[in-house]
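# Coordinate analysis (summary)
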Amino acid sequence: MAPAASLLLLLLLLLWRPLLGAPGQGAGTWSRFARLPYPQDQLFLHDTFPDGFLWGAGSAAYQTEGGWRQGGKGASVWDTFAHRPATPPGSAPPGPAGGDVASDSYNNLFRDAEALRRLGVSHYRFSLSWARLLPNGTVPINPAGLDHYRRLLERLQELGIEPVVTLYHWDLPQGLQDAFGGWASPVLPQLFRDYAELCFQHFGGLVRYWLTMDNPYVVAWHGYSTGRLPPGVQGGPRLGYRAAHHLLQAHAKVWHLYNDHFRPTQKGKVSIALSSHWIKPQRMSEKNIKECQKSLDFVLGWFAKPIFIDGDYPESMKSNLSSLLPEFSEVEKKYIKGTADFFALSFGATLSFQLLDSHMKFQQLESISLRQLLYWINSEYNNPQIFIVENSWFVSGSTKRDDAKYIYYLKKFIMETLKAIRYDGVNVFGYTVWSLLDGFEWHRGYSIRRGLFYVDFQSHDKKLMPKSSVLFYQKLIEKNGFPPLPENQPIEGIFPCGFAWGIVDSYIQVDTTPAQFLDSNVYVWDVHQTKKLIKLDGVFTSRRKRHCVDFAAIRLQISLLQEMHVTHFHFSLKWSLILPLGNLSLVNHTLVHYYQCFTSELFRANITPVVALWQPMAENQELPVSLAKYGAWENPEIIQAFVEYAKFCFMSLGGHVKFWITMNEPPVKNLTYTAGHNLLKAHAKAWHLYDKEFRRSQKGKISIALQADWVEPACPFSRNDQEVADRILEFDIAWLAEPIFGNGDYPQAMRAWLHRRNSVDLYNFHLPYFSEDEKKLIQGSFDFFAVSHYTTTLVGWEKEDALKYDHYLEVQMINDITWLHSPSRVAVVPWGLRKLLKWVKSKYGDVPIYVMANGIDDDQNMVHDKLRVYYIQNYVNEALKAYTLDNVNLQGYFVYSFNDKTAPKYGLYSYVANQYEPKPSLKHYREIIDNNGFPGPETTELLCPEDKASCPECHFFRTRKSLLAFISFIFVAFIVTIFFITYYSKRVERRYK
């Protein structure tokens, strides 16, 4: 690049970037993120980090070193605190006393270095134990301590791993606390400077990144104000603010020491690790946003503003705390200002939701959005270089190797960091997972784990075992992020001719109110007085026969369906209303007539009715009361009742219904094994009834529709998690599918699991057995495989959350918090549909498959219908991948649901003030239907026998054949009449001539 061009670019960058940070600019963060495009901004970002990005792991001396009496180490305030008679809060699970042994890193230096090598990290953050180097906090020096850390640094150098060294991570020498009162004393800053000088002299040649101290908020507030943490001084706010004042002075002294005496030769950088939470307003109002800003001022800004802005505390603290807050002189302000070479940020489980005092939330809501915090820091402190020096979440202390929860929090935080860099322009240059290995977790003891490597604290050798998170982090470092994968890219293409494009309404709106034309009474309009119609008693007109056109509700629903351009409409009949007593002794003929009219009108409109005989609902499972009262599906007598009901429906509606579903989405989660047994036999008998008595004349097809959400192992590298996922698929889908589409009997995996559980845990759950005749009856009782699919679930075997753990199946439900979620927290995972369809094909062969229902809830606000647009677009595209790339015999796709009146928040039509309004998602789905998929420039055009979508006007003629025949007859008669008149007129003329 030419020098002039380089200079111009530099000037433009200087103009774009504010030269001076102004306190309070971060207040725009909340409104900015509230306006970001939805759902695009929440989607997973497939991209990589900048070249040279630093990936690392970290630990702290007291948490992992152990060896508290080895090598001449002195006592720290944490040693004293942990040895008190009272158990520290949160340390309930058994383990070593405090950090006496912990992970025993002091005796396993090369073990830890090997773990770092295996990870492939570029840096390792660890802390020096002040009491190990200076047992009393001051001279004399402990040579064994110097030797230990020098050996660690030299090993890191051999491995090419950059050390990031913290001088002080909460473990103040007890001697300094006893002699001076710790950080409450103004003597401490100078003593800290002396300790730092020792470290720079002995280790500075091997260290380029120094952190003076970690999380001074916790040290000052909980060490000297609340007393929750060592040294446990309950001095109240005044002492807490004084301790913080001294911590800032100490940090500044060390930075100037390095800057003046060591930077020229060692060429390193020095900062301070500041921890923060994130906070969001209860409601988006100016007042609440100010309170959020104040919350960050009181925790992060307390230390960040003096260092990164002007050497003084935030104005919100000064105005609210009055005389409690110490003051800096002008000289001190200048001395503190600018004492950081980068912004070292700690964010995660140590502070968030744990050590943040409730009054510092200012009645707002704590959150864990790292991306928004990064943007706030970027705005508030003039675009500093940010080094994330601690970040992660935690798992239960009982979790061993498959730490799925930890992985997905890690994935979330790293994804948010990537978005902050790529979308928000935040200058983040490194990321540090906390921590390298399990250790003593401060006030929570050994009740949680945060390490990538598992440590058995009860064992003698403290061998490290890699968790699933190690594999996750390894691969992420290798790829430098989340590069795009071919399977994540949408494809172009179209579905086959005759593909069924449908919409679902669980139950159609039945309105049997007669039209006004059926009223045989005579009325007189009182135009002079009441202005109303007055019925004349005893005067009647002739009564005409009822017609389907009399049902206005049917005409409206048909017109709405026609507007969507769907070819199929799926709905369920109400068994409980058609046969209220459960048998043919009482038939609701009015309702049956309505269904007959509805299906015939659908047929006339060229929309194929797809009718389910039974769909369970909350009240009585939508069964006739007499059947629900006496055991429902538990009672074998229901089998014959269902068959009789099915036969009645086939006879009454079969003329226009060519697509039947026996049972729609049987509730396997709430179905007993006996009920499922009877349900399968009822389905099979209904299928055989149709096959023998109705198929030849009605020429329809019939099957069962199963709810089939996909299940994915939470840890993709874990064999145990894969076994759990396979087990859930057997119990949730194959339980009812295997007898019908497989071998006529229940899955062997189910029987084996139940046998094991019953024998080990004395359960009494037994799958019934089919006779050989019943197996033959059930096997093959299908014409197609129909699935309702809505979402994907992650499962694991490690028990982490009791509320989401199924003890019977030994499965833990896990949530990937990077997935897009609906307002009701349903995960949007399009690729799960493709995996499900491939699974069905691999298990049951090349069976015709229909996705009978697929949909998502959304906000009632029309703007937020964008989620459903995204959902339909991507789920249909995954269905296309299954058809095109996986050769799945997919023959139809149905969206759930028709309208918000029958399925609130799920409809493609909104329903407000008795009016149906199409949502943007309806128009988007219609476009997909009209294109029969996603055609591209290279897509071969299909020549289908009848392309309905290409001729919308043809619908008028197809649905009015009788009228057209009559008009044609009149026209032909008219032509013939004209011909004869002309013919005879000419004959008469010739005769007279």
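Sequence order sets the numbering: in each chain, residues are counted from 1 along the sequence as written. The predicted origin of the model limits local features to residues at a pLDDT of at least 70 and limits the giving and counting of side-chain atom pairs to 80 or more, whereas totals for whole chains, interfaces and linings rest on all residues. Hydrogens and waters are ignored; side-chain quantities use all the structure's heavy atoms.

Named according to an unreviewed UniProt entry, the protein chain is Klotho originating from Limosa lapponica baueri. Within the UniProt record for the protein chain, the comment given under Subcellular location (unreviewed entry) is "Cell membrane". UniProt positions are given in the numbering used here, feature names are shortened, and annotations may be inferred rather than shown by experiment. Taken from UniProt, the Sequence similarities (unreviewed entry) comment for the protein chain reads in full: "Belongs to the glycosyl hydrolase 1 family. Klotho subfamily."

Our focus in this paragraph is the state of the cysteines. Any two cysteine sulfur atoms within 2.5 Å of one another count as a disulfide. For the structure on display, the rule yields 1 disulfide. The side chain of C497 participates in a disulfide bridge whose partner is C944; the two sulfur atoms lie 1.9 Å from each other. The chirality of the disulfide connecting C497 with C944 is left-handed, given an S-S dihedral of about -85°. Within this pair, whereas C497 is found in the loop between β15 (493–494) and β16 (500–505), its partner C944 is found in the loop between β34 (933–934) and α33 (954–958), the two being separated by 447 residues in sequence. Classification of C497 as partly exposed rests on a relative accessible area of 33%. Between buried and exposed lies partly exposed: a residue is buried under 20% and exposed over 50% of the maximum accessible area for its type, with that area taken using a 1.4 Å probe on protein chains only. Among the residues examined, C944 registers a relative accessible area of 27% and is labelled partly exposed. In this model C649 remains outside any disulfide bridge; the closest cysteine sulfur is found in C597, 16 Å from its own. Only DSSP runs of H or I reaching four residues or more are called helices, and only runs of E reaching two or more are called strands; each is numbered from the N terminus.

Relative to the elements of secondary structure, S276 occurs in the loop between β5 (269–275) and β6 (278–280). Judged by its relative accessible area of 0%, S276 is buried. Beyond its immediate stretch of four places on either side in the chain, S276 contacts L296, L300, S346, F347, L351, S352 and L373. The contact criterion used is simple: two residues touch if any of their non-hydrogen atoms lie within 4.5 Å.

In this section: the packing of helix α17 (residues 370–380) against helix α18 (residues 404–422). Each axis is a line fitted through C-alpha atoms, taken for helices only over the stretch in contact, and angles between the N-to-C directions span 0 to 180 degrees. Interhelical geometry of α17 versus α18 gives an angle of 35° and a closest axis separation of 8 Å. When the axes of α17 and α18 are compared, the crossing they make is right-handed. Residues L370, R371 and L374 of α17 form the contact with α18, whose participating residues are F413, E416, T417, K419 and A420. Amino acids outside the nonpolar list (Ala, Val, Leu, Ile, Met, Phe, Trp, Tyr, Cys, Pro) and the charged list (Asp, Glu, Lys, Arg) are all regarded as polar, and Gly is one of them. Looking at side-chain class alone, the contact of α17 with α18 contains 4 nonpolar, 1 polar and 3 charged residues. Should the near helix be turned anticlockwise from the far one by less than a right angle, the crossing is left-handed, and should it be turned clockwise, the crossing is right-handed.

Further remarks concern the domain arrangement of the protein chain. Domain assignment breaks the protein chain into domain 1 (32–82 + 97–477), domain 2 (567–707), domain 3 (712–782 + 792–827) and domain 4 (947–982). One C-alpha centre belongs to domain 1, the other to domain 3; they are set 43 Å apart. Between domain 1 and domain 3, the residue contacts involve 24 residues of the former and 19 residues of the latter. Accessible area, probed at 1.4 Å, shrinks when two parts are joined; the buried area is that loss added up over both. Summing the contributions of domain 1 and of domain 3, the shared interface buries around 1700 Å²; its carbon and sulfur component is 62%. By convention in these notes, a salt bridge is any Lys or Arg side-chain nitrogen within 4 Å of a carboxyl oxygen on Asp or Glu. In this assembly, domain 1 and domain 3 are joined by 2 salt bridges. Where D816 meets K411, a salt bridge forms, and the shortest distance between an N and an O atom there is 2.8 Å. Pairs of N or O atoms are called polar contacts if they sit within 3.5 Å, as long as, within protein, a hydrogen donor faces a hydrogen acceptor (for residues adjacent in sequence, only side-chain-to-side-chain pairs). There are 9 residue pairs in polar contact (both at pLDDT 80 or more) connecting domain 1 and domain 3. Listing elements by their share of the side of domain 1 that touches domain 3, those giving two or more residues are β10 (395–396), α18 and α19 (468–479). Tallying contributions element by element places α18 first for the side of domain 1 that touches domain 3, with 7 residues. In terms of residue class, the side of domain 1 that touches domain 3 is made up of 11 nonpolar, 5 polar and 8 charged. An automatic or database domain assignment provides the domain bounds reported here.

Moving on, we come to unusual backbone geometry. In the segment running from Y38 into P39, the intervening peptide bond is cis, with an omega of 0°. Note on placement: P39 falls in the loop between α2 (29–34) and β1 (54–58). Cis geometry marks the peptide bond from Y896 to S897; its omega dihedral reads 20°. Mapping S897 onto the fold places it in the loop between β31 (890–896) and β32 (909–912).

When you tally the buried positions in β1, you get 5 out of 5 residues, the bulk of the element. What you see with β1 is no split at all: L54, G56 and G58 on one side and W55 and A57 on the other are buried throughout. In this analysis, strands are considered paired if DSSP registers two or more bridges between them. Pairing analysis gives 5 bridges linking β1 to strand β11 (residues 428–434), with the strands arranged parallel. The residue of β11 that forms the bridge with G58 is W434. Bridge count between β1 and strand β2 (residues 123–127): 3 bridges; the pairing is parallel. Residue G58 lies in a different strand from β2, and its bridge partner there is R125.

Time to look at the sheet that holds β5. Overall, parallel pairing links the 8 strands, which are arranged β1-β2-β3-β4-β5-β7-β9-β11 in a closed barrel. Recorded for the sheet is a direction-independent mean angle of 25° between the axes of neighbouring strands. Contacts from helix α7 (residues 143–159) reach β2 and β3 (162–168) within the one sheet, and its direction differs from that of β2 by about 170°.

Moving on, we come to the confidence of the model for the protein chain. Known as pLDDT, the predictor's per-residue confidence is scaled from 0 to 100. Per-residue pLDDT for the protein chain averages 91, and the proportion of residues at 70 or more is 91%. Throughout residues 1–21 the model reports pLDDT below 50, and contacts reaching past four residues in sequence, or to other chains, amount to 10 contacts. In this model residues 947–956 is a low-confidence stretch, pLDDT under 50, and it forms 5 contacts with partners more than four residues away in sequence or in other chains.

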